[in-house]
Amino acid sequence: MREQIIFALDKNLGFPIEDPKWQAFFNKHNIVLNHYLDMKKMTADLQQNPIGLSYLPTANYYYLRNNESYTPVANALFTANQTSHISSVLVVSKKSNINSLDELKDKRLGYINLFCTSSYFAPAILLWQNHYSIDNFFSKLQEVGAWQRQVDAVIAGEIDATMVQEDIWHKLPENAEKTEILGKVDNLPSPLLICSKQLDQKIKDELTALLFHYTPKASPEALFNGFIPYHGELVHAFFDNSEKAFKIKSASLH
């Protein structure tokens, strides 16, 4: 019996697992899908046990970037602009009377999780760019769910601010009616597909052919749709900024 290959996926990112071409690839190579919502566990699993494939936020890979077991293969294509570049905006309620980043000191920040590129790493970078540290700027860091739920939490007064992908904020007119943008971080990298360096070369070749030469079904609701070859320059610039913003070691899991 063929050895199983584990494919670890961030469930929020929506990899096209139902596509018949991907189903055939999984079946052919005995690939088992492991879906995660707990990104700390996913990152720890990747650190502790060599896993064949993973589709994960670049913020997750930040903690694995010095791990010699993996190599990045592809970036996801961001549906809004068909590139690997993402912008994240800092938003507050229009009722809050908060008009600047300085006025958010000791307020509450809502985010998805500590491994999120756009909602946790982005505010850390924005604060660093303005000579603050996320370690002591906010009075509370609160998990509020993904994307539109972040904006909803601001509108409901559950949190004072959040950073969310810019296209999410633009999708609903109510977002602009009830919240406003105080800051922005551009050139955040889209999610990555990484693979084990021990993965058979024939499987890698078939994987890259699927990633770069098939046309996914158009889905305006999907945040990501398709893949391009790994954009190393973009990812490494993000790592450099993150290192400065957090001043933490790559193996640390907070």
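Residues numbered from 1 in each chain as written. Predicted model: local features only at pLDDT ≥ 70, side-chain atom pairs only at ≥ 80, totals over all residues. Heavy atoms only, no water.

A. Molecular detail of the overall build of the protein chain. When its secondary structure is counted, the protein chain shows nine helices and eleven strands. Relative to a compact globule of 254 residues, whose C-alpha radius of gyration would be 18 Å, the protein chain shows 19 Å and is just as compact. Over its C-alpha atoms, taken along the principal directions, the protein chain stretches across nearly 65 × 40 × 30 Å. Within the protein chain, the fraction of its 254 residues that count as buried is 53%. By element, 49% of the accessible surface of the protein chain is carried by carbon and sulfur atoms, the whole surface being about 12100 Å². (Helix = DSSP H or I, 4+ residues; strand = E, 2+ residues; numbered from the N terminus. Rg over C-alpha atoms; globule rule 2.2 N^0.38 Å. Buried < 20%, exposed > 50% of the residue type's maximum accessible area, 1.4 Å probe, protein only. Areas by Shrake-Rupley, 256 points an atom, 1.4 Å probe, with all protein chains shown as cover.)

B. Structural view of helix α4 (residues 117-129). The buried fraction of α4 is high, at eleven of 13 residues. Listed in full, the buried residues belonging to α4 are Thr117, Ser118, Ser119, Tyr120, Phe121, Ala122, Pro123, Ala124, Ile125, Leu126 and Leu127. Two residues or fewer past α4, histidine 131 is found with a positive phi of approximately 70°.

C. Examining the packing of aromatic side chains more closely. Counted according to the given criterion, the structure contains 24 aromatic pairs. Pairing tyrosine 55 with phenylalanine 227 gives two aromatic rings, centres 5.5 Å apart and planes at 70°, and the pair type is edge-to-face. Of the two residues, tyrosine 55 is situated in strand β3 (residues 53-56) and phenylalanine 227 in strand β11 (residues 224-229); the sequence distance between them amounts to 172 residues. As far as burial versus exposure is concerned, tyrosine 55 and phenylalanine 227 are alike and both buried. On the numbers, 6.1 Å between centres and 40° between planes, the contact of tyrosine 61 with phenylalanine 239 is tilted. Here tyrosine 61 is found in helix α3 (residues 58-62), whereas its partner phenylalanine 239 is found in helix α9 (residues 232-246), with 178 residues between them in sequence. Like phenylalanine 239, tyrosine 61 is buried. (Phe/Tyr/Trp six-rings, centres within 6.5 Å; stacked < 30°, edge-to-face > 60°.)

D. Broad picture of helix α1 (residues 20-28). Trp22, Phe25 and Phe26 are the residues of α1 that are buried. One face of α1 carries all of its buried residues, which in axial projection span an arc of 95°. Opposite the buried face of α1, at more than 90 degrees from it, the exposed residues are Pro20 and Asn27. The N-terminus of α1 is capped by aspartate 19, whose side-chain oxygen sits 2.8 Å from the backbone nitrogen of lysine 21. (Arc of directions from axis to C-beta. Polar contact = N/O pair within 3.5 Å; in protein donor to acceptor, adjacent residues only side chain to side chain.)

E. Here's a closer look at the environment of phenylalanine 238. Tracing the sequence through the fold places phenylalanine 238 in helix α9. Separated by 121 residues in sequence, phenylalanine 238 and threonine 117 have C-alpha atoms that sit 9.4 Å apart. Not counting residues within four places of it along the chain, the set of residues in contact with phenylalanine 238 comprises Thr58, Ala59, Thr117, Phe121, Ile125, Leu188 and Pro189. (Contact = heavy atoms within 4.5 Å.)

F. Expanded view of the packing of α1 against helix α8 (residues 201-213). Across the interface, α1 lies against α8 with an axial gap of 11 Å and an inter-helix angle of 170°. By the criterion of interaxial angle, the relationship of α1 to α8 is roughly antiparallel. Facing Lys21, Trp22, Phe25 and Lys28 of α1, the residues of α8 in contact are Ile203, Glu206, Leu207, Leu210 and Leu211. Looking at the contact of α1 with α8, its residues break down into six nonpolar, no polar and three charged. (Axes fitted to C-alpha atoms, helices over the stretch in contact; angles between N-to-C directions. Parallel < 35°, antiparallel > 145°, perpendicular 65-115°, else oblique. Nonpolar A, V, L, I, M, F, W, Y, C, P; charged D, E, K, R; others polar.)

G. Examining the pairing of strand β5 (residues 85-93) more closely. Most of β5 is tucked away: eight of the nine residues are buried. In this sheet, strand β9 (residues 179-189) lies alongside β5 in antiparallel orientation, the contact comprising eight bridges. Residue pairing for β9: histidine 85 is matched across the bridge by proline 189. Summarising the sheet, β5 and strand β8 (residues 161-165) pair through five bridges and their orientation is antiparallel. Counted as the bridge partner of serine 88 is glutamine 165 from β8. (Pairing = 2+ DSSP bridges.)

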